[in-house]
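The residues making up each chain are set out below.
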Amino acid sequence: MIDVQGLQKSYKDFQAVNNSNFHVEEGEIFGFLGPNGAGKSTTINILSTMLQPTSGSVTINGYDVTKHQNRVRESIGIIFQQNTLDEKLTAKENLKLHCKFYGVPRSKRKARINEVLEIVDLTDSINLLVEKFSGGMQRRLEIARGLLHYPKVLFLDEPTVGLDPQTRAHVWEYILKLKENENITMFLTTHYLDEAEISDRIAIMDHGDIIAIDTPRNLKQQLGGDIVEIKTTDNEAAMKEIESDFDVVDLSLQDGFINCKVENSDAFVSSFIKTLQTPLTGLDIRKPTLNDVFLSFTGREIRD
Amino acid sequence: MEGIIAIWQRDMIKFFRDRARMIGSFSMPILFLVVFGVGMGGAMESLVASGIGTDEDFNYVEFIFPGIVSMTLLMTSVFSSLSVIQDRDFGYMREILVSPVSRVNIALGKMLGSASVAFVQGVMMFVLMPFLGISIDLVTLLQLLPVMFMIACAFSSLGLLVASLLNSMQGFQLVVNILVMPMIFLSGALFPLSNMPGWVDFIVTLNPVTYGVDLMKNIMIDVDNLSATVQEEMGLNLTFFGQPVTMTGEVFFLLGFTALLILLATLMFRRKN
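Residues numbered from 1 in each chain as written. Chains lettered and ligands numbered in written order. Predicted model: local features only at pLDDT ≥ 70, side-chain atom pairs only at ≥ 80, totals over all residues. Heavy atoms only, no water.

Comments concerning the sheet that holds strand β1 (residues 2-11) of chain A
Residue and element names in this part refer to chain A.
Here's step 1: Strands sit in the order β2-β1-β4-β5 across an open sheet of four strands; the sheet is antiparallel. Taken across any chain shown, the strands that pair with only one partner, and hence form the sheet edges, are β2 (14-24) and β5 (63-64).
Here's step 2: Note: β1 against β2, seven bridges, orientation antiparallel. Within the sheet, the bridge partner assigned to Leu7 lies in β2 and is Ser20.
Here's step 3: Across the sheet, helix α1 (residues 40-47) lies against β1, β2 and β4 (55-60), angled at about 120° from β1, the strand it touches most. (Pairing = 2+ DSSP bridges. Helix = DSSP H or I, 4+ residues; strand = E, 2+ residues; numbered from the N terminus. Contact = heavy atoms within 4.5 Å. Axes fitted to C-alpha atoms, helices over the stretch in contact; angles between N-to-C directions.)

Right, here's the structure in full:
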């Protein structure tokens, strides 16, 4: 659905994007992460026809972003980081204008407006001025608006920034609902790494380069595995057992817990529970988080 | 095409919803009408009368009213066009720019939006006519309205180009001071511009407001019934680098001006993204 090849963008004395290549499949949620200034926004701006690339080719829905700008624009919906609703207009007016910008046939407008408002639970607020909306409602309205013209690809640029945790959860709920029901391809950037977990695949960008691209699961596995914390009635005996019977990366005793670092905790735990002779009193599996992944790839936290 | 209408429609909805702005934008023209029309009217009338040497019946308010309406058109057009900057600051411009609406249609829609707002404001000035002792017949009115809309289009395209060049609202006051005010003063809208030094004359000749004002005056004032001296004194005999200016010429000048500026504004929209 999105195909990026050899994409470069340079300004006078600064290379914003460096020979990027990636491919996003139809129906996929593609997470695009990177610290501030990594080249994320530049990439999104190029993909959404707002910026011309210096070199390389980008096609979305089969259309080249430099040659068929309008075809690309029709194929995509964008939820910007910044609020781009007209607050002096009602929800309905905002949506109607969007239909006109995108040439949604007149006869279908009313049904579509009701349909997208239903998805984001704003049907009751249709005639309310947007300035009366709460932050979360405005976000949801923007998502609804982005869907009005049935885009093939939805760009979500920090869709939950500045929202309280509850509203954030809500917004993601709607986004996942969309993926299930509409099979829309989503290109997502976010600062909240726990939110990026919903992606099918994640690309990490730093200093204009894409330095990793894989499923969240694989990325975390690359870190060298999970940590399984075990407590037994006899830790010494249990450790000996584990050492002789299982393939572990690292084994240590800490604060009354046995810390096993294993490549794949699922496989380890299932066989471990069956065979361990010493009675088990406690078990905790800690998977590495995307934050650990991010840290190991970029050497810094996402917020730095 | 639908994109033009949508952008235009948005400006109209917002204009009619914002009563305060509608009323507020009357303050300036009314102030000028009072200062120049009533305040300076007597002095101007006797000045002109002494210049001609006859006591031909001459009403200065009648002379200045088309000028004040043009001024309303100019100021409202330019100010409305500057909403483009606000759209940029508040993000709505991105919603428009990422849509498949062509850049030329964005510029046209914005221009028509501002022009319509200015046109409505200009027409609303007619409410003052009875208080000023001016009357207008239906035929004159029907001639006047399309001309007013065309003038508003020209001024709006100017405002749009300026807005696309400015980066912030900070530049706004500057634009008013260095562009709008001189354009009003050097257009013959408020006082006749006869016997000016050459360089002033040059500016007056290139000032699009000059032709807008002159068109309005020619339609609203019964020019043919004024004596040649009054016409001369009131600056009604415009020349364009030595050539006498006709009303057709003025219409073409304004249309050409509008087309050129829309083109430039479109290029700016294209470059900006």
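Focus: the environment of Met93 of chain B
Residues and elements named next belong to chain B.
Here's step 1: Inspection of the secondary structure assignment puts Met93 in helix α7 (residues 92-97).
Here's step 2: We classify Met93 as buried; its relative accessible area is 3%.
Here's step 3: Sequence separation between Met93 and Ile106 is 13 residues; the distance between their C-alpha atoms is 9.9 Å.
Here's step 4: Excluding anything up to four places from it in sequence, Met93 contacts Val84, Asp87, Arg88, Ile106 and Phe269. (Buried < 20%, exposed > 50% of the residue type's maximum accessible area, 1.4 Å probe, protein only.)

Section: the packing of aromatic side chains
Residue and element names in this part refer to chain A.
Here's step 1: This model, assessed by the stated rule, comprises twelve aromatic pairs over all chains.
Here's step 2: Taking the centre distance of 5.3 Å and the plane angle of 50° together, the rings of Phe155 and Phe187 count as tilted. Of the two residues, Phe155 is situated in strand β7 (residues 153-157) and Phe187 in strand β8 (residues 185-189); the sequence distance between them amounts to 32 residues.
Here's step 3: Members of the aromatic cluster, joined through ring pairs, are Phe22, Phe30, Phe32, Phe155 and Phe187.
Here's step 4: Lying across the ring of Tyr150, Arg112 places its NZ or CZ 3.7 Å from the centre.
Here's step 5: Here Lys231 stacks its cationic end above the ring of Phe257, 5.5 Å away from the centre of that ring. (Phe/Tyr/Trp six-rings, centres within 6.5 Å; stacked < 30°, edge-to-face > 60°. Lys NZ or Arg CZ within 6 Å of the ring centre and 35° of its normal.)

Description of the UniProt feature "transmembrane region" (unreviewed entry) in chain B
All names here are of chain B.
Here's step 1: Those places that UniProt annotates as "transmembrane region" (unreviewed entry) correspond, in this numbering, to residues 20-43, 63-85, 106-132, 144-167, 174-193 and 251-269.
Here's step 2: End C-alpha to end C-alpha, residues 106-132 measures 40 Å, and it is 85% helix and 0% strand.
Here's step 3: Between the C-alpha atoms that bound residues 144-167 there is a distance of 36 Å. The span itself is 92% helix and 0% strand. (UniProt positions renumbered as here; feature names shortened; annotations may be inferred.)

Regarding the packing of helix α5 (residues 60-81) of chain B against helix α11 (residues 171-185) of chain B
Residues and elements named next belong to chain B.
Here's step 1: Contact geometry of α5 with α11 gives a least axis separation of 11 Å together with a crossing angle of 155°. Taken together, the axes of α5 and α11 are roughly antiparallel relative to one another. Crossing of α5 over α11 shows right-handed handedness. Two secondary-structure elements touch here, α5 through Met71, Leu74, Met75, Val78 and Phe79 and α11 through Phe172, Val176, Val180, Met181, Met183 and Ile184.
Here's step 2: Counted by class, the contact of α5 with α11 contains eleven nonpolar, no polar and no charged residues. (Parallel < 35°, antiparallel > 145°, perpendicular 65-115°, else oblique. Left-handed = near helix turned anticlockwise from the far one by under 90°. Nonpolar A, V, L, I, M, F, W, Y, C, P; charged D, E, K, R; others polar.)

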